Amino acid sequence: MSAADLRALAVEIAREAGELARRRRAEGVSIAASKSSLADIVTEADREVEALIRARLAAERPDDGFLGEESGADDGTTGITWVVDPIDGTVNYASGIPLYAVSIAAVQGRDPDHWTALAGVVHSPVVDETFAVARGEGAFLGSARLQVSEPGAAGALLATGFGYDPATHAGDLAAVGRVMPIARDLRRGGSAATDLAYVAAGRLDGYFERGLQPWDFAAGALLVQEAGGVFVRPESAEVVRRLCLAGGPELVAELQRRVLDAP
Ligand code: LIP
């Protein structure tokens, strides 16, 4: 199956999963549990949507691997792993804030530092936007080819996020303070996958956040790369909450200097 075929399958499943998520949200959402902290929640819909995605992938690609936020990992035998966040922006979703997305990526390998992303989709059901990508074939929103943007004279429009652990907020806010001198403004949307898709689409100039999970960035990173941008997770002493950076090459280098290399 080509990267384009993997993309087509990811798009088909993501749109179906997004419709289920949207329908369940309209019916009312219940919190199923909290995970790493009280703020890190999972809804019954997260679990149901991931189950749908997993079942559809198992039917179409039974020998591939799977890595999902809610149901964990299974090794396959093909070397291809599907990396899935069924509802990225879970807190938004549970709170009724209409900014969440289904993120599905097909990668060659298992290790986020070494895998090769082949195809991906970030689908936003509320606004019905499907950002799709296949390696070497560009990133698209519908038929529109995506291209990252460069900051204007007023500075960069940036996005970031904060972890679920309150103990990390002071450091994250210090990083915000170090990047604001080059920013025109900052957005904190609550969905990393959506933020990355917006960087690929040129709606945001850049993005930075510590502590993302592979399923948060697997599809969005490839969107950014195929839209002419860079997505990096620089090695540092901070192993658990790795910094993710995305945007045009020059802006990402400046963000890294200000966020990672600063004292
Ligand atoms: C979320 C990310 C967001 C981040 C949150 C959380 P989830 O993913 O998309 O950018 O700030 O802490 O990790 O938990 O909604 O799938």
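Whatever comes next refers back to the structure up there.
Report follows, based on the coordinates.

Calculation criteria
Residues numbered from 1 in each chain as written. Predicted model: local features only at pLDDT ≥ 70, side-chain atom pairs only at ≥ 80, totals over all residues. Heavy atoms only, no water. Helix = DSSP H or I, 4+ residues; strand = E, 2+ residues; numbered from the N terminus. Rg over C-alpha atoms; globule rule 2.2 N^0.38 Å. Buried < 20%, exposed > 50% of the residue type's maximum accessible area, 1.4 Å probe, protein only. Contact = heavy atoms within 4.5 Å. Lys, Arg positive; Asp, Glu negative; His and termini not counted. Charge placed at Lys NZ, Arg CZ, Asp CG, Glu CD. 1 Å grid on protein atoms, 1.4 Å probe; cavity = no way out; pocket = protein on both sides within 12 Å on 5 of 7 lines; lining within 4 Å. Points joined across faces, edges and corners; volume = space filled by probe spheres on them. Nonpolar A, V, L, I, M, F, W, Y, C, P; charged D, E, K, R; others polar. Domains from an automatic or database assignment. Core = buried A, V, L, I, M, F, W, Y, C linked by side-chain atoms within 4.5 Å.

With that out of the way, let us pick up the overall build of the chain. Per the secondary structure count, the chain includes 7 helices and 15 strands. Since a compact globule built from 263 residues should have a radius of gyration of about 18 Å, the 17 Å found for the chain is in line with a globular shape. A principal-axis box enclosing the C-alpha atoms of the chain has dimensions of 50 × 40 × 35 Å. Sorting the 263 residues of the chain into buried and exposed places 51% on the buried side. Considering only residue pairs separated by 6 or more positions, the chain has 62% of its internal contacts joining residues 24 or more positions apart. Each charge class in the chain can be summarised by its mean position, and for the 25 positive and 38 negative side chains these summaries are 3 Å apart.

Of the voids in this model, the largest pocket is the one considered here, and its volume is about 720 Å³. Contributions of two or more residues to the lining of the largest pocket are made by strand 5 (80-88), helix 3 (90-95), helix 5 (192-200), strand 13 (206-210) and helix 6 (214-226). Residue composition of the lining of the largest pocket, by class: 10 nonpolar, 10 polar and 12 charged. Counting the residues that make up the lining of the largest pocket, at least three belong to each of domain 1 (3-145) and domain 2 (156-261). Around the second largest pocket sit 14 residues that line it, and Pro112, Trp115, Ala221, Gln225 and Phe231 are the ones nearest its centre. It is helix 6 that provides the largest number of residues to the lining of the second largest pocket, a total of 5 residues. Taken together, the residues of the lining of the second largest pocket sort by class into 8 nonpolar, 3 polar and 3 charged. Here the lining of the second largest pocket spans two domains, and each of domain 1 (3-145) and domain 2 (156-261) adds at least three residues to it.

So, about the nonpolar core. Residues Val122, Tyr207 and Leu223 are the most contacted members of the largest nonpolar core, which totals 36 residues. Of all the secondary-structure elements, those providing two or more residues to this core are strand 6 (101-108), strand 7 (116-124), strand 8 (129-134), strand 11 (156-160), helix 5, helix 6 and strand 15 (243-247). With 8 residues, helix 6 is the largest single contributor of residues to this core. Both domains that meet at this core, namely domain 1 (3-145) and domain 2 (156-261), each give it at least three residues. Ignoring sequence-local partners within four residues, the contact set of Leu223 consists of Val122, Phe131, Ala132, Val133, Ala139, Leu146, Ala197 and Ala200.

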